[in-house]
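# Chains, contacts and geometry: an overview
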Amino acid sequence: MADIFQEVEEDLKRERVELLWKKYGKWVIAAAVAVVLATAGFQLWNNYQQTVRSEKSAQFSQAFELSEAGKLDEAKTALAELAASDDGYGTLARFEQARILAEQGDIASAVALWDQIAASSPPIERLQDVASLLAVMHLVETGDVADVKKRLALLVVPGAAFRYSAIELQALVALREDDHTSARSFFQQLVDAPDAPGGIQSRAAQILETLAE
């Protein structure tokens, strides 16, 4: 009889973890997209102000409008020429291409584009780090675990721009593997880090409470 109760308790814990995974996995990906759109949008506006009459500005604006209108295939076609250029608009175009591909469910192609941006030297500062983070975020749930861990290891080094987001993803990978000991360790790091963002710390504390039950 004791074994039955233990099995039920383990099932309940597993269900709670799965719910947390679904809740926070989606939140983290949405946050990453918001970061890219905010950064790219700000840079786009600056570039637009400086080159208001440029052909590339008009091309990108048209492609972005098509994307916003849900005409994704048309947007990809419009972005293709821009994406081939090695300047700020080319980088923005590749980001938008990757976003569209991810929205259409072609994660592999989206990740390939983000990896391309991360491996290059784009003129828009910090977008290399954003590209790396976006790539790994879209691989956390279904990508090869060894590959995901390798990618995250590069993002958690001291001083890295998105170090705490990467540690949070390491914890989610541990949950995916049902390794609650490692997950608790990662979440505890976030709770104890004095300079970790408040939102990340509060999520880590909430999940730690659930894992302790």
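Residues numbered from 1 in each chain as written. Predicted model: local features only at pLDDT ≥ 70, side-chain atom pairs only at ≥ 80, totals over all residues. Heavy atoms only, no water.

## Focus on the packing of helix H9 (residues 180–192) against helix H10 (residues 198–212)
Between two packed helices, both the angle of their axes relative to each other and the distance between the axes serve to describe the pair. As a reminder, the rule being used: To obtain an axis, a line is fitted to C-alpha atoms, over the contacting stretch when the element is a helix, and the angle between two such axes runs from 0 to 180 degrees between their N-to-C directions. Note on conventions: DSSP H or I runs of at least 4 residues are helices, E runs of at least 2 residues are strands, and numbering of each starts at the N terminus. Here a crossing is taken to be left-handed if its near helix is turned anticlockwise relative to the far helix by less than a right angle, and right-handed if that turn runs clockwise. In what follows, a contact means two residues having at least one pair of non-hydrogen atoms within 4.5 Å. Residue classes follow a fixed rule: Ala, Val, Leu, Ile, Met, Phe, Trp, Tyr, Cys and Pro count as nonpolar, while Asp, Glu, Lys and Arg count as charged, and any other residue, Gly among them, counts as polar.
Where H9 meets H10, the closest approach of the two axes is 8 Å, and the angle between their N-to-C directions is 145°. Of the two elements, H9 crosses H10, and the hand of that crossing is left-handed. Side by side, H9 and H10 meet where His-180, Ala-183, Arg-184, Phe-187, Gln-188, Leu-190 and Val-191 of the first sit next to Ile-200, Gln-201, Ala-204, Ala-205, Ile-207, Leu-208 and Leu-211 of the second. Each residue belonging to the contact of H9 with H10 can be placed in one class, and the counts come to 10 nonpolar, three polar and one charged.

## Structural notes on the confidence of the model for the chain
Regions with low pLDDT should not have their predicted coordinates read in detail. So the rule is basically this: Predictor confidence is given residue by residue as pLDDT, running from a minimum of 0 to a maximum of 100.
Residue-level pLDDT values for the chain average 76, and 72% of them are 70 or greater. For the chain, the element scoring lowest by mean pLDDT is helix H1 (residues 2–50), at 49; helix H7 (residues 145–155) scores highest, at 93. Here residues 1–13 is modelled with pLDDT under 50, and outside its nearest four sequence neighbours on either side it reaches one contact, counting other chains as well.

## Concerning the environment of Val-157
Here is the rule: Each residue's exposure class comes from its accessible area (1.4 Å probe, protein chains only) as a fraction of the maximum for that residue type: buried when under 20%, exposed when over 50%, partly exposed otherwise.
Checked against the element boundaries, Val-157 lands in the loop between H7 and helix H8 (163–176). For Val-157, a relative accessible area of 41% gives the class partly exposed.

## Digging into the nonpolar core
Note the following rule: By nonpolar core is meant a set of buried Ala, Val, Leu, Ile, Met, Phe, Trp, Tyr and Cys residues that side-chain atoms within 4.5 Å join together.
Ranked by internal contacts, the top residues of the largest apolar core, which has 43 residues, are Phe-95, Trp-114, Leu-169 and Phe-187. The set of elements that each furnish at least two residues to this core consists of helix H4 (88–103), helix H5 (107–119), helix H6 (127–137), H7, H8, H9 and H10. Top contributing element to this core by residue count: H8, with nine residues. Those residues in contact with Trp-114, other than ones at most four positions away along the chain, are Phe-95, Ala-98, Arg-99, Ala-102, Ala-131, Leu-134, Ala-135 and His-138. Residues Leu-72, Leu-79, Leu-82 and Ala-83 belong to the second largest nonpolar core, which totals 12 residues.

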